[in-house]
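Below, each chain spelled out in residue letters.
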Number of protein chains: 2
Amino acid sequence: MIDSIEADGPVPKYVQLADILEQRITAGELLPNKPLPSEKFLMAEYGVARGTARRAVEVLRDRDLVFTVPQRGTFVKPKDS
Amino acid sequence: MIDSIEADGPVPKYVQLADILEQRITAGELLPNKPLPSEKFLMAEYGVARGTARRAVEVLRDRDLVFTVPQRGTFVKPKDS
DNA sequence: GTACATTTGTTCGTATGTATA
DNA sequence: GTATACATACGAACAAATGTA
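So, a few notes on the structure that sits alongside this text. No experiment lies behind these values; they were computed from the predicted model shown. (Residues numbered from 1 in each chain as written. Chains lettered and ligands numbered in written order. Predicted model: local features only at pLDDT ≥ 70, side-chain atom pairs only at ≥ 80, totals over all residues. Heavy atoms only, no water.)

Describing the protein's contact with DNA strand C
The condition is simple: What makes a residue near a molecule or strand is one non-hydrogen atom of that residue sitting within 4 Å of it. Polar contact is defined as a pair of N or O atoms within 3.5 Å, subject to the rule that within protein one atom must be able to donate a hydrogen and the other to accept it, and that residues adjacent in sequence are counted only when both atoms are side-chain atoms. Any residue that is not Ala, Val, Leu, Ile, Met, Phe, Trp, Tyr, Cys, Pro, Asp, Glu, Lys or Arg is counted as polar, Gly included; the first ten are nonpolar and the last four charged.
Taken together, 18 residues form the shell around DNA strand C, and within it Arg50 and Gln71 of chain A together with Glu39, Arg50 and Gln71 of chain B come nearest. Close to the protein, within 4 Å, the atoms of DNA strand C belong to sugar or phosphate groups at a rate of 51%. Within the contact set of DNA strand C, a base oxygen lies 2.8 Å away from a side-chain nitrogen or oxygen of Gln71 of chain B. Taken together, the residues of the surface near DNA strand C break down into 2 nonpolar, 10 polar and 6 charged.

A closer look at the protein's contact with DNA strand D
Close to DNA strand D lie 17 residues, the nearest being Lys13, Ala49 and Thr52 of chain A together with Lys13 and Thr52 of chain B. Take the atoms of DNA strand D that sit within 4 Å of the protein: sugar and phosphate atoms are 82% of them. Ala49 of chain A places a polar main-chain atom, nitrogen or oxygen, 2.9 Å from a phosphate oxygen of DNA strand D. Contact between DNA strand D and Lys13 of chain B: a phosphate oxygen at 2.4 Å from a main-chain N or O atom of the residue. Class assignment for the residues of the surface near DNA strand D results in 8 nonpolar, 4 polar and 5 charged.

A word on the layout of surface pockets
As a reminder of what qualifies: Of the two site types, the cavity is a set of points on a 1 Å grid over the protein atoms alone where a 1.4 Å probe fits but cannot get out, and the pocket is an open set with protein on both sides within 12 Å along at least five of seven lines, each lined by residues with an atom within 4 Å of a point. Grid points are joined across faces, edges and corners, and a volume is the space filled by probe spheres set on the points. To qualify as a helix, a DSSP run of H or I must reach at least 4 residues; to qualify as a strand, a run of E must reach at least 2; elements of each kind are numbered from the N terminus.
One number sums up the size of the largest pocket: a volume of about 390 Å³. Lining the largest pocket are 17 residues, and of these Glu39, Arg54, Arg61, Thr68 and Thr74 of chain B sit closest to its centre. Among the elements of the structure, helix H3 (50-62), strand S1 (66-69) and strand S2 (73-76) of chain B are those that each provide at least two residues to the lining of the largest pocket. Looking at the lining of the largest pocket element by element, the count peaks at 4 residues for H3 of chain B. Class assignment for the residues of the lining of the largest pocket results in 6 nonpolar, 5 polar and 6 charged. For the second largest pocket, the lining is made up of 16 residues, of which Glu39, Val57, Thr68, Gly73 and Thr74 of chain A are closest to its centre. Elements with a minimum of two residues in the lining of the second largest pocket: helix H2 (39-46), helix H3 (50-62), strand S1 (66-69) and strand S2 (73-76) of chain A. Sorting elements by how many residues they give to the lining of the second largest pocket places H3 of chain A first, with 4 residues.

Description of the packing of helix H2 (residues 39-46) of chain B against H3 of chain B
Helix-helix packing is described using two parameters, namely the angle between the two axes and the distance between the axes. Residue and element names in this part refer to chain B. Going by this rule: Angles shown run from 0 to 180 degrees and are taken between the N-to-C directions of axes, each axis being a line fitted to C-alpha atoms and, for helices, limited to the stretch in contact. In what follows, roughly perpendicular refers to angles from 65 to 115 degrees, roughly parallel to angles under 35, roughly antiparallel to angles over 145, and oblique to any angle outside these ranges. Here is the rule for handedness: rotate from the far helix to the near one, and if that takes an anticlockwise turn smaller than a right angle the crossing is left-handed, while a clockwise turn gives right-handed. Contacts between residues were defined by any pair of non-hydrogen atoms, one from each residue, lying within 4.5 Å.
Interhelical geometry of H2 versus H3 gives an angle of 110° and a closest axis separation of 9 Å. Taken together, the axis directions place H2 and H3 in an arrangement best described as roughly perpendicular. As H2 packs across H3, the resulting crossing turns out to be right-handed. Residues Glu39, Leu42 and Met43 of H2 touch H3, and the partners they reach there are Arg50, Ala53, Arg54 and Val57.

Below is the structure:
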């Protein structure tokens with residue numbers, strides 16, 4: 001179980017954060033059509049900069065796990081979509 | 001006396017604005033329990049974006065000079081508090 | 001009771017500059 | 001030279017609460 005972010009490792013912080021969030025999604029902690037923690041929250045919770053949080057969410061979009069609605073937030077994708 | 005905001009200096013705009021407002025408080029221009037200029041007003045008066053105005057007010061809160069009441073405004077703290 | 005304006009709260013989008021690895 | 005990371009700064013949109021007409 002990954003649950004914290006390491007600074008001096010081979011894996012970029014934003015990838016580590018994306019992996020953590022993917023775990024939280026697949027574990028059912030973050031539910032379909034429910035919002036991901038906001039960028040601000042991720043910054044506070046994991047001690048990263050906003051750009052890093054944004055890139056992590058971008059990775060999740062690329063992995064087709066979440067979708068972002070401008071000005072509304074980023075949400076977990078339902079399984080059938 | 002600081003009274004205008006410079007763009008390309010070493011001091012961030014939001015800190016410059018916080019310094020200006022602190023001066024206006026200590027000079028007695030902005031009185032205890034009276035409202036600070038609203039974010040909208042600060043944007044117009046100093047030519048900054050809303051985020052910059054908000055961050056300046058945040059700095060003043062950190063300096064314990066003002067307190068904010070949601071949906072009401074931000075007010076100068078009385079000396080004895 | 002309703003409509004409107006004001007103000008703060010929140011979120012996302014984008015860009016630039018700097019520093020480091 | 002590129003990728004990573006952070007700080008700053010602008011813009012935009014919507015929500016919620018308050019106060020007033």
